[in-house]
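Examining the three-dimensional arrangement
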Amino acid sequence: MQQAESCPRKFQIGFYEGACPLKCNKCLAFGTETKEKKKISKMTIENARNLIDEIAGISSNAVIQPHIYAEPFANPDLKQIIQYCGEKRLAMSIITNGILLDNTWLDFLLEQYEQKITISFSLDAVTQEVYEKVRGKYELKQIEDNIMYLLVNRRNRNLRIGVNFVIEDDNKEEQAIFLDKWKYVVDAVRISTMVGRDKKAYRLEGLVGQKDLECEKGCNTLYEIMVIDTDGTVRACTLDAFAYTNLGNVFEDGIKAVWSGSKIASLRKKLCLNQLSEKEFCYGCEAYKYTGAYIRRTEGMFDIAENGYQIYYNHR
């Protein structure tokens, strides 16, 4: 059985949850087929600061993703959180649909001159027609223009811009076009399939033809990533949109105690030995296939990582 690192590599934190202007069909929290309703909840700025302080105290290399199931730019405290992470020299990874980014937000992001921030825009389309099918009736070109504005005007080379494309039936014909359109423009392009509501992984056909690669750790989330809900509760992973799992509370016990605690240790062991019962949330989940082993190669200006479920083009 693999041993977890002494501290998570990444923290996915629900500073502000349940708020998103989109209702994408594939979304496990807001999708049209979702039976439960995600409620809006907010972590106090005091708790947010204390949590950031704790993370900075145990790791200088950790990455903070300031959202789980929410559009991060809907959070009224996000500017303070970004600035405070900058003060603590913590890197950030922000995944956004880009809809709420106005000129004020764009200029604010450009003003973070030294902080390590990666902003990944989830676009999922090349044409407006397909965008409306998979995302909603917003203006794709406006979001693309905002991406270009950041790229053209950034002075902080640590501000990295990426785009994402999740394949589904309505957009699958645009995946190769999307890659060709963006790979020479932004810093990173990720194309992937999705984990369905049945927690099954769907292979990437056409663009990536690699064989399945087994992940030695089983599920890397439990070894590298801590998912912290608004109230401090640690969830098994981001697929747990409605809080079915509880591995401890960082506000009560602290990050290190939860990360090395009996609950998460038991879950790691059960997954490793295939001893989960059908009633347990992680039973039958195949999300580990996305984050398992990759085939890595260099092609011109790109470092490329791929497996049967996603491909990632990263500028060298």
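Here goes a summary of the coordinates provided. Starting afresh in each chain, residues are numbered from 1 along the sequence in its written order. Since the coordinates come from a predicted model, pLDDT governs what is reported: local features require at least 70, and pairs of side-chain atoms require 80 or more to be given and counted, while whole-chain, interface and lining totals use all residues. Heavy atoms from the whole structure form the basis of all side-chain values; hydrogens and water molecules are not counted.

As for the pattern of salt bridges
Salt bridges are identified by distance alone: a Lys or Arg side-chain nitrogen within 4 Å of an Asp or Glu carboxyl oxygen. Tallying each qualifying case throughout the model produces 15 salt bridges. Ionic pairing is found between R9 and E224, a salt bridge with its closest N-O pair at 3.1 Å. Of this pair, R9 sits in the segment before β1 (10-13) while E224 sits in helix α7 (residues 221-224), placing them 215 residues apart in sequence. Salt-bridge contacts for D77 lead to K42; the nearest nitrogen and oxygen are separated by 2.4 Å. Of this pair, D77 sits in the loop between β4 (63-65) and α2 (78-87) while K42 is found in strand β3 (residues 41-42), placing the two residues 35 residues apart along the sequence. Several salt bridges converge on common partners, so that one network encompasses K26, D124, R135 and E168. Only DSSP runs of H or I covering at least 4 residues are called helices, and only runs of E covering at least 2 are called strands; the numbering of each starts at the N terminus.

Brief notes about a nonpolar patch on the surface
Patches were defined on residues exceeding 30% relative accessible area and lacking a salt bridge, with like-charge contacts within 9 Å and nonpolar side-chain contacts (Val, Leu, Ile, Met, Phe, Trp, Tyr) within 5 Å. Accessibility throughout is a Shrake-Rupley quantity obtained with a 1.4 Å probe, and a residue counts as covered only by protein chains that appear here. Taken together, the side chains of M148, V152, Y184, V185 and M301 define a hydrophobic patch exposed on the protein surface, amounting to about 470 Å² of accessible area. Its location among the elements puts V152 in helix α5 (residues 140-153). A simple rule labels every residue: compare its accessible area, found with a 1.4 Å probe on the protein chains alone, to the largest value its type can have, and call it buried under 20%, exposed over 50%, or partly exposed in between. Using a relative accessible area of 62% as the deciding quantity, one classes V152 as exposed.

A few points about the packing of helix α1 (residues 45-58) against α2
Between the N-to-C directions of two axes lies an angle of 0 to 180 degrees, each axis being a line fitted to C-alpha atoms and, for a helix, fitted only over the stretch in contact. Where α1 meets α2, the axes come as close as 10 Å, and the angle between the chain directions of the two elements is 25°. For the element pair α1 / α2, the angle class is roughly parallel. Note that α1 runs across α2; the crossing there is right-handed. Residues I45, R49, I52 and D53 of α1 touch α2, and the partners they reach there are Q80, I81, Y84 and C85. Classes in brief: Ala, Val, Leu, Ile, Met, Phe, Trp, Tyr, Cys and Pro nonpolar; Asp, Glu, Lys and Arg charged; the others, Gly included, polar. Split into classes, the residues belonging to the contact of α1 with α2 amount to 5 nonpolar, 1 polar and 2 charged. Each angle receives one of four descriptions, namely roughly parallel if under 35 degrees, roughly antiparallel if over 145, roughly perpendicular if within 65 to 115, and oblique otherwise. Helix crossings fall into two classes, left-handed where the near helix is turned counterclockwise from the far one by less than a right angle and right-handed where it is turned clockwise. Residue contacts are counted whenever heavy atoms from the two residues lie within 4.5 Å of one another.

Examining the sheet that holds strand β7 (residues 159-166)
Any two strands with at least two DSSP bridges between them are considered paired. As summarised here, the arrangement of the 11 strands in space is β10-β9-β1-β4-β5-β6-β7-β8-β13-β12-β11, forming an open sheet in which the pairing is mixed. Pairing within the sheet leaves two strands with one partner each, and these edge strands are β10 (234-235) and β11 (295-299). As defined by bridge partners, β4 adjoins strand β5 (residues 91-96) across 2 bridges and the pair is classed as parallel. Bridging from a neighbouring strand, I64 pairs with M92 of β5. Seen against the sheet, helix α6 (residues 175-182) touches β7, β8 (188-192) and β13 (310-315) and runs at an angle of roughly 175° to β8.

Some remarks on α1
Every helix has an expected span of 1.5 Å times one less than the residues it contains. Between its first and last C-alpha atoms α1 spans 20 Å; for 14 residues at 1.5 Å apiece the expected length is 20 Å, and the two agree. Within the sequence span of α1, burial applies to I45, A48, L51, I52 and I55. Across the axial projection of α1, the buried residues extend over an arc of 120°, all falling on one side. Projecting away from the buried face of α1 at angles above 90 degrees are the exposed residues E46 and G57. Looking at the buried positions of α1, the neighbouring elements they touch are β1, β4, α2, β9 (225-228), α8 (250-253) and α9 (255-259). It is the directions from the helix axis to the C-beta atoms that the arc portrays.

Examining the packing of helix α3 (residues 103-110) against α5
To characterise two packed helices, one gives the angle between the axes of the helices and the distance between these axes. Contact geometry for α3 and α5: axes closest at 10 Å, N-to-C directions at 30°. Classified by the interaxial angle, the pair formed by α3 and α5 is roughly parallel. Here the hand of the crossing between α3 and α5 comes out right-handed. For the pair formed by α3 and α5, the contact residues are L106, D107, L109 and L110 on the first element and N146, Y149, L150 and N153 on the second. Classifying every residue of the contact of α3 with α5 by side-chain character gives 5 nonpolar, 2 polar and 1 charged.

Structural notes on the pairing of strand β6 (residues 117-122)
The element β6 is largely enclosed, with a buried count of 5 among its 6 residues. Note that β5 and β6 share 5 bridges and pair parallel. Pairing of T96 across the sheet is with F121, part of β6. Taken together, the 6 bridges between β6 and β7 define a ladder with parallel strand orientation. Bridging across to β7, S122 finds its partner in N164.

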